[in-house]
Number of protein chains: 2
Amino acid sequence: VSIPWNNRYAQRIEGMSCSAIRELLKITENPKIISFAGGLPAPEVFPFREIEQAFSRIIKAEKTLGAVSLQYGPSDGYLPLRQMLGSYPPHTSHNLAVENIIITSGSQQALDLLGKIFINQGDRILVESPTYMGALQAWNAYGAEYITIPSDQDGMQMDQLECALRSGPKFIYVLPNFQNPTGVTLSLERRIKLVELADKFGIPIVEDDPYGQLRFEGEDLPSIYTLDQQLHTRKGSSGQGNVIYLSTFSKILSPGMRLGWVVAPAEVNQALVLAKQGADLHTSSIAQVIAYEVGKDGFIERHIQLIRDVYSKRRDTMLEGLDKYMPKEVQWTKPHGGLFLWVTLPEDMNSEDIFPVAIANEVAYVPGKAFHPHGDGLNTMRLNFSYSNPETIELGISRLGKVFLEAIKNRTYRVF
Amino acid sequence: VSIPWNNRYAQRIEGMSCSAIRELLKITENPKIISFAGGLPAPEVFPFREIEQAFSRIIKAEKTLGAVSLQYGPSDGYLPLRQMLGSYPPHTSHNLAVENIIITSGSQQALDLLGKIFINQGDRILVESPTYMGALQAWNAYGAEYITIPSDQDGMQMDQLECALRSGPKFIYVLPNFQNPTGVTLSLERRIKLVELADKFGIPIVEDDPYGQLRFEGEDLPSIYTLDQQLHTRKGSSGQGNVIYLSTFSKILSPGMRLGWVVAPAEVNQALVLAKQGADLHTSSIAQVIAYEVGKDGFIERHIQLIRDVYSKRRDTMLEGLDKYMPKEVQWTKPHGGLFLWVTLPEDMNSEDIFPVAIANEVAYVPGKAFHPHGDGLNTMRLNFSYSNPETIELGISRLGKVFLEAIKNRTYRVF
């Protein structure tokens, strides 16, 4: 008898779907294809020498750091790394206790653990549309449903938020800085409004900030976490705040180390750590000790300047290419930082239909549908500018311009 | 207003409880306490030099291995590592395709992902009693319930199994080699019976084998995976078998790297990878590339001999200490490998009640209740012999002997 495995799975597997990006990455492994589909940092900015030196120090100290880096460790993370993060730039003003900071196996694990501790089957999560598909993938497994709020060049639109909050979502999920996928930044005015409305309705906010350190121009805006702390201080409230803040070493050090962190009220972190024990016991000790040894003397803050310079130039090249090669019907965002920008075709066009034509022309993007929980956004797509060098970006955008020009022409032809 | 976080959690958080071991480890961090409570490998057997050399090679190859080790990687794992595992000793006879092997963030993650893809609220899992508490912790979060089968010195008892299988458990979970917590090994006769009954009732088996390579004496027994493959070959069935096999690098290389693997039918691995994408995208690239570079020329097989020698001596010391110091009322298992043995006090005694006395006498163990899904086993405990050196083991067992002698005397006193 052949065993029918497909009859054995849990119900929740129906909600889980393969990440379109990761499937696309397989197609785009062909080295002839210029891929703007991934979200990979540029390997040219990996700090090989600093990591080599740190690791050599660690592994030679067999009785101390070496043993710690190869041994089981605490589920909440390597204490020196948690302490270091407490005085890391996004958090210097927060006066955090170490209990407010835990380490996760990448930000993706933080999203999964948040789903595990908060989401009951059928709970609704309030998200921007479009939003980060990895969050949808994590939460679909817990039976989440979604209330979507459209966004524009200033991020999540506030006029629909109050009405949506009245319907009682479990939490609000927002990527305020150089959002994935759109690249747009939530304005200060909207951040303040968001924090006030969330407090008014008693709905917590999950602030996902993987790119906040990668600003190329303009002033840093206060985080939603910061604004919420200020609100609660003003009100003299006794709670620890209403915001759970996520970030990651993936874009400022190395994604292959799989290191993220959560800043949250101590009681929320306790629940997350409980879930983390069952999920993977703890995050790789070796990765945590390396990150601490590389970062403890301020190297990461200096290194970020290099990353900003490289990505800023690549963004400029992509924006210039879009200006030069795109038909006039095509629109795109102009991010002030991060890794991505967002392209919008005329409303009746479908970026999934055009995808095979792009592949035939050896250029790739991610169709926007995957970032929309309700499957809309068919005329949109995400482009990554961090991975390819400027020459490749220009060549790739010129190919894409040709593909869209042709697609728009054919469409016009069909209309007549 | 103070935000009431405790009203916001998902229902499943009620089933999640803190690992007793990890809480105990905190108490036992006091260096004066001799702790047999943890499950830590001996840092003396970490291969520092080989890891240092491998990492140096990796990170210097900036364009190839170095970039791979710091970059995002595939969710199913680093391909050369998966290929290496296909010809690794437990699997040499299996003729595995690479699709049958995926990498997880430690075996603990494999347990969590199995829960995610298989367990609906209220599903019953058939386990040995006692069993590995980390599995219970992972599956409680998905609403699992448990059917327990008692075990003796030959592992899970078969006489109750058929009746239990009739009640339709979702799967059978078994640790056949040097079981955690008891240290006992499932006999060949029972393995064959288990595979046949599971096939007869169409219930899959999850075989958890973290210690199988660490045999100190006697002959290796065929894995349950192997016996199932043989059964299906004999029957000429077209399926890919009925067993999901888990193992880990934690006990043969380093637990701090958080590397485990799953051997399963390709379709099960596809479901696990889908769940893994949402859980942490992929396992640390840096850890995977190091494990491959350290292991590719057969170093791990040679290294295991050293680990066996060290642990075997420590087990001997612990068994001699138990013979020498324990009151006659106390019984224990005599494992042929692994990291643990299991101590049984007279039935009316409670190892949790005695625990504070042991701590006062500067020695620690894990009370057995935590390994019993239904909270029985009050008179039992787990002792670890891998972490402490022989002198410390003898001293610790002499302290424990004194504690139990006193406890048994007091109990006798109360009885009269």
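Look above for the structure.
Keep in mind it's a predicted model, so treat the numbers as computed, not measured.

Draft legend 1. Just the packing of helix H4 (residues 79–86) of chain B against helix H11 (residues 285–295) of chain B, in detail. All names here are of chain B. Between H4 and H11, the least distance of the axes is 9 Å, while the angle of their chain directions is 45°. As judged from the angle between their axes, H4 and H11 are oblique. Crossing geometry of H4 relative to H11 is assigned as left-handed. Side by side, H4 and H11 meet where Pro80, Leu81 and Met84 of the first sit next to Gln288, Ala291, Tyr292 and Gly295 of the second. Looking at side-chain class alone, the contact of H4 with H11 contains five nonpolar, two polar and no charged residues.

Draft legend 2. Molecular detail of the interface of chain A and chain B. On the chain B side, the residues contacting the 91 residues of chain A number 91 residues. Carbon and sulfur atoms make up 60% of the surface buried where chain A meets chain B, a total of about 7,500 Å² over both sides. Run the count over chain A and chain B and you get four salt bridges. Lys116(A) serves as the salt-bridge partner of Asp112(B), at 2.6 Å between the closest nitrogen and oxygen.

Draft legend 3. Up close: the sheet that holds strand S13 (residues 366–367) of chain B. Residues and elements named next belong to chain B. Ordered in space as S10-S11-S14-S13, the four strands form an open sheet in which the pairing is antiparallel. At either margin of the open sheet sits one strand with a lone partner, and together these are strand S10 (331–332) and S13. Two strands pair when backbone bridges link them, and strand S11 (residues 340–344) and strand S14 (residues 380–384) are joined in this way by five bridges, in the antiparallel orientation. Looking at S14, one finds that Phe340 is bridged to Asn384.

Draft legend 4. Spatial organisation of unusual backbone geometry. Residue and element names in this part refer to chain A. Residue Pro181 is reached from Asn180 by a cis peptide bond, and omega for that bond is 20°. With respect to the helices and strands, the residue Pro181 is situated in the loop between strand S6 (171–174) and helix H8 (188–201). Phi is positive for Asn95, close to 50°, though the residue is something other than glycine. Mapping Asn95 onto the fold places it in the loop between helix H4 (79–86) and strand S2 (101–104). Note on Asn95: relative accessible area 75%, which makes it exposed.

Draft legend 5. Main features of the pattern of salt bridges. Considering all chains together, one arrives at 42 salt bridges over all chains under this definition. Residue Glu162(B) pairs with Lys200(B) through a salt bridge whose shortest N-O separation is 3.0 Å. Placement of the pair is Glu162(B) in helix H7 (residues 161–166) and Lys200(B) in helix H8 (residues 188–201), with a sequence separation of 38 residues. Take Glu162(B): its relative accessible area is 23%, and that puts it in the partly exposed class. A salt bridge links Arg215(B) to Asp220(B), with the nearest nitrogen and oxygen atoms 3.4 Å apart. Connected through shared salt-bridge partners, Arg57(A), Glu293(A) and Lys296(A) make up one network.

Draft legend 6. Up close: the relation of the copies chain A and chain B. Superposing chain A onto chain B requires a rotation of 180° together with a translation of 0.0 Å along the rotation axis, leaving an RMSD of 0.0 Å. The superposition of one copy onto the other is thereby described by a two-fold rotation axis. Interface overlap between copies is the fraction of interface residues in one copy that are interface residues in the other; for chain A against chain B it reaches 100%, indicating a shared surface.

Draft legend 7. Structural context of the pairing of strand S3 (residues 124–129) of chain B. Residues and elements named next belong to chain B. Burial runs high along S3: five of the six residues are buried. Both S3 and strand S4 (residues 145–152) contribute to a ladder of six bridges, which runs parallel. Each bridged residue has a counterpart across the sheet, and for Arg124 the counterpart in S4 is Glu145. As for the winding sense of the linkage, the β-α-β connection from S3 through helix H6 (residues 133–140) to S4 is right-handed. In terms of strand pairing, S3 meets strand S6 (residues 171–174) through three bridges, oriented parallel. Across the sheet, Leu126 pairs through a bridge with Ile172, a residue of S6.

Draft legend 8. Inspection of the nonpolar core at higher detail. Counting 202 residues, the largest nonpolar core has Leu383(A) and Leu383(B) as its most contacted members. The residues touching Leu383(A), leaving out its near neighbours within four places in the chain, are Phe36(A), Met318(A), Leu322(A), Leu339(A), Phe340(A), Leu341(A), Val343(A), Tyr365(A), Ile397(A) and Leu400(A). If you look at the next biggest cluster of nonpolar residues, it comprises 76 residues, including Tyr146(A), Ala141(B), Val206(B) and Leu274(B).

Draft legend 9. Quick peek at the packing of helix H2 (residues 48–60) of chain A against helix H11 (residues 285–295) of chain A. Residues and elements named next belong to chain A. Where H2 contacts H11, the axes come no closer than 9 Å and their chain directions differ by 115°. Classified by the angle their axes make, H2 and H11 are roughly perpendicular. Viewed along their axes, H2 and H11 form a crossing whose handedness is right-handed. Contact with H2, carried on its side by Glu50, Ile51, Ala54, Phe55, Arg57 and Ile58, involves Ile286, Val289, Ile290, Glu293 and Val294 of H11 and no other residues of that element. In terms of residue class, the contact of H2 with H11 is made up of eight nonpolar, no polar and three charged.

The rules behind each value
- Residues numbered from 1 in each chain as written.
- Chains lettered and ligands numbered in written order.
- Predicted model: local features only at pLDDT ≥ 70, side-chain atom pairs only at ≥ 80, totals over all residues.
- Heavy atoms only, no water.
- Axes fitted to C-alpha atoms, helices over the stretch in contact; angles between N-to-C directions.
- Helix = DSSP H or I, 4+ residues; strand = E, 2+ residues; numbered from the N terminus.
- Parallel < 35°, antiparallel > 145°, perpendicular 65-115°, else oblique.
- Left-handed = near helix turned anticlockwise from the far one by under 90°.
- Contact = heavy atoms within 4.5 Å.
- Nonpolar A, V, L, I, M, F, W, Y, C, P; charged D, E, K, R; others polar.
- Buried area = accessible area lost by both parts, 1.4 Å probe.
- Salt bridge = Lys/Arg side-chain N within 4 Å of Asp/Glu carboxyl O.
- Pairing = 2+ DSSP bridges.
- Buried < 20%, exposed > 50% of the residue type's maximum accessible area, 1.4 Å probe, protein only.
- Least-squares fit on C-alpha atoms with pLDDT ≥ 70 in both.
- Right-handed = clockwise from strand over helix to strand, strands pointing away.
- Core = buried A, V, L, I, M, F, W, Y, C linked by side-chain atoms within 4.5 Å.

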